[in-house]
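A closer look at the structure
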Amino acid sequence: MGRWTTLIGAVLALGLSHGALAQEVSSNAVSTTTDWTVFVEDNPRECWSVSMPKETVNTKNGVLASVDRGDIRLMVFFRPGASPNAQVAFTGGYTFKEDTFVEVQIDGSTFSFFTEGEWAWPASESDDAKIIVAMKRGASAVVTGLSRFNTTTKDTFSLLGFTASVEDAEKRCAP
């Protein structure tokens, strides 16, 4: 899990886990393409492409539930010289139930992310690469998780603008 320490630090520095939108908290947005925004930090050099869900559905025991969630974000993060270079992450705005996985469906392909606290990530560098390819080809990503209070959340992200945004972030953080 050490490969995610940098990502968590960068996102927390923006205040994403403290209830404010990235676009409102940070002044380092450098571009927006449809539903995705690129952010860049200079010290250390970090770049990421991030989006918020277009739709969120929360259920408990199969019934719609009203829940209080923080920021919900799907992102791809880059840092020159880091391994892996491209890291996919999801924050659900709540603490995930321990020992559960988040399921990500992208146009017929399903991926599992492991969870820790409010965060979920693919298990390996090769999974990151497969997910990014699927996101570039897809129209939407549906992320389903389970909270520590047994609430099922289903967040739908548009992938419109993803390819241009993620390629922009990668180029800005090329080694």
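Owing to the predicted nature of the structure, the values given are computational and were not obtained by experimental measurement. (Residues numbered from 1 in each chain as written. Predicted model: local features only at pLDDT ≥ 70, side-chain atom pairs only at ≥ 80, totals over all residues. Heavy atoms only, no water.)

This part takes up helix H3 (residues 125–137). An ideal rise of 1.5 Å per residue puts 18 Å on 13 residues; H3 measures up with 19 Å between its terminal C-alpha atoms. Among all positions in H3, only Asp128, Ile131, Ile132, Ala134 and Met135 are buried. Within H3, the buried residues cover an arc of 165 degrees as seen down the axis, which keeps them to one side. (Helix = DSSP H or I, 4+ residues; strand = E, 2+ residues; numbered from the N terminus. Expected span 1.5 Å × (residues − 1). Buried < 20%, exposed > 50% of the residue type's maximum accessible area, 1.4 Å probe, protein only. Arc of directions from axis to C-beta.)

Next up on the list: the environment of Asp168. With respect to the helices and strands, the residue Asp168 is situated in helix H4 (residues 162–172). Classification of Asp168 as buried rests on a relative accessible area of 19%. In this structure, the C-alpha to C-alpha distance between Asp168 and Val38, residues 130 residues apart in sequence, is 7.4 Å. Setting aside its immediate chain neighbours within four residues, Asp168 contacts Ser31 and Val38. Polar contacts involving the side chain of Asp168 include one to the side chain of Arg172, which spans 2.7 Å. (Contact = heavy atoms within 4.5 Å. Polar contact = N/O pair within 3.5 Å; in protein donor to acceptor, adjacent residues only side chain to side chain.)

Across all of its chains, the model carries 8 aromatic pairs by this definition. A ring pair is formed by Trp36 and Phe162, whose centres lie 5.0 Å apart and whose planes are at 75 degrees; its orientation type is edge-to-face. You can see Trp36 sitting in strand E2 (residues 36–42) and its partner Phe162 sitting in helix H4, a full 126 residues away along the chain. The burial state of Trp36 is the same as that of Phe162; both residues are buried. (Phe/Tyr/Trp six-rings, centres within 6.5 Å; stacked < 30°, edge-to-face > 60°.)

Running from amino to carboxyl end, H3 crosses H4 at an angle of 135 degrees, the nearest separation of the two axes being 8 Å. In this view, H3 runs oblique relative to H4, as classed from their interaxial angle. Contact residues: Ile132, Met135 and Lys136 in H3; Phe162, Thr163, Val166 and Glu167 in H4. Residue composition of the contact of H3 with H4, by class: 4 nonpolar, 1 polar and 2 charged. (Axes fitted to C-alpha atoms, helices over the stretch in contact; angles between N-to-C directions. Parallel < 35°, antiparallel > 145°, perpendicular 65-115°, else oblique. Nonpolar A, V, L, I, M, F, W, Y, C, P; charged D, E, K, R; others polar.)

Once that is clear, we can look at the state of the cysteines. Overall, the coordinates contain 1 disulfide when judged by the stated rule. Covalent S-S linkage joins Cys47 and Cys173, the inter-sulfur distance amounting to 2.1 Å. Disulfide Cys47-Cys173: the torsion about the S-S bond is 80 degrees, which places it as right-handed. A residue pair is termed long-range when its members are at least 10 positions apart, and Cys47 in strand E3 (residues 45–51) and Cys173 in the segment after H4 qualify at 126 residues. Residue Cys47 is classed as buried on the basis of its relative accessible area, which comes to 0%. (Disulfide = S-S within 2.5 Å.)

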